[in-house]
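Each chain, letter by letter, is given below.
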Amino acid sequence: MAVRSGRCFGGICCVECCGGGGGKQMIINALTSKNHSASFLFWWRIASAYRRRTPLGFVAHFMTNKIGRKYGIQIPIGTKIGRGFYIGHGIGIVINGKTIIGDNCNISQFLTIGSNKGTPAKIGNNVYIGPNVCIVENVVINDNAKIGAGAVVVKDVPANATAVGNPARIIIKKTEQ
């Protein structure tokens, strides 16, 4: 079942992962879910919205850290991530805290978005990033782009393009009609 975050409960969770049963049902599902990616995103969205000083914020930070440590997901609280963010297989994911990710992005396992100089990637809307991808430094991945498995992205990826390889090169660029 596809799990996306960011459509209900004030942009924190959605019908697909929580069944649309209201706030109480969402929390029960997030606590008991076998899909750790959905649980992580649920608690991450709450932790990003609430301070640690509030009871809900404290629990959200605790759960985000617990799930993140167990599965190797490192997405700092406050990272700018749009609606509809999807983690396919949540393990081994490292995202720099200054990264900006657009709406409806789909990421896979063993992703690294890093930066040595404090200028991480900017990722557009409707982007798919395959497994075992490294995105390095000040790279812009434009809307509707696809990054193939094992790619090392060191240059910008234009809109509607597919990039693969090490270093990543553009193999398909769809033109808008």
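Numbers given to residues run from 1 along each chain, matching the order in which its sequence is written. Residues qualify for local features only when their pLDDT is at least 70, as the model is predicted, and side-chain atom pairs are given and counted only at 80 or more; totals for whole chains, interfaces and linings, by contrast, use all residues. Side-chain measures were taken over the full set of non-hydrogen atoms in the model, leaving aside hydrogen atoms and water.

**Here's the deal with the sheet that holds strand β15 (residues 169–173)**
Definition in use: Strand pairing is defined by DSSP finding a minimum of two bridges between the two strands. Secondary structure follows DSSP: runs of H or I at least 4 residues long count as helices, runs of E at least 2 residues long count as strands, and numbering of each begins at the N terminus.
Read across the open sheet, the six strands follow the order β3-β6-β9-β12-β14-β15; overall the sheet is mixed. In this open sheet, the two edge strands, each paired with only one partner strand, are β3 (86–87) and β15.

**A few points about the environment of Ile 172**
Just so we agree on the cut-off: Any residue under 20% of the maximum accessible area for its type is buried, any over 50% is exposed, and the rest in between are partly exposed; the area is computed with a 1.4 Å probe on protein chains only. What makes two residues a contact is simply this: any of their non-hydrogen atoms within 4.5 Å.
Take Ile 172: it is sitting in strand β15. Judged by its relative accessible area of 43%, Ile 172 is partly exposed. Separated by 27 residues in sequence, Ile 172 and Ala 145 place their C-alpha atoms 9.8 Å apart. Excluding anything up to four places from it in sequence, Ile 172 contacts Asn 160, Ala 161 and Thr 162.

**Brief notes about the packing of helix α3 (residues 36–49) against helix α4 (residues 55–71)**
We apply this condition: Whenever a helix is involved, its axis is fitted only over the stretch in contact; in every case the axis is a line through C-alpha atoms, and angles between N-to-C directions fall within 0 to 180 degrees. Each helix crossing is assigned a hand: it is left-handed if the near helix lies turned anticlockwise from the far helix by less than a right angle, otherwise right-handed if that turn is clockwise. Ten residues, namely Ala, Val, Leu, Ile, Met, Phe, Trp, Tyr, Cys and Pro, are considered nonpolar, four, namely Asp, Glu, Lys and Arg, are considered charged, and the remaining ones, Gly among them, are considered polar.
Interhelical geometry of α3 versus α4 gives an angle of 145° and a closest axis separation of 8 Å. You can see that α3 and α4 cross each other, and the crossing is left-handed. Judged by residue contacts, His 36, Ser 39, Phe 40, Trp 43, Trp 44, Ile 46 and Ala 47 of α3 engage Leu 56, Val 59, Ala 60, His 61, Met 63, Thr 64, Ile 67, Gly 68 and Tyr 71 from α4. Grouping the amino acids of the contact of α3 with α4 by side-chain chemistry returns 11 nonpolar, five polar and no charged.

**Focus on the environment of Val 154**
As for its placement among the helices and strands, Val 154 is situated in the loop between β13 (152–153) and β14 (161–164). Sequence-wise, Val 154 and Val 136 are 18 residues apart; in three dimensions their C-alpha atoms are separated by 5.5 Å. Among all residues touching Val 154, those that are not within four sequence positions of it are Val 136, Val 139 and Pro 167.

**Examining the pairing of β15**
As judged from the four bridges shared by β14 and β15, these two strands associate in the antiparallel manner. Opposite Ala 163, over in β15, you have Ile 170 as the bridge partner. Taking the residues that link successive antiparallel strands as the turn, the β14-β15 hairpin has four residues, and the phi of Gly 165 there is positive, at about 100°.

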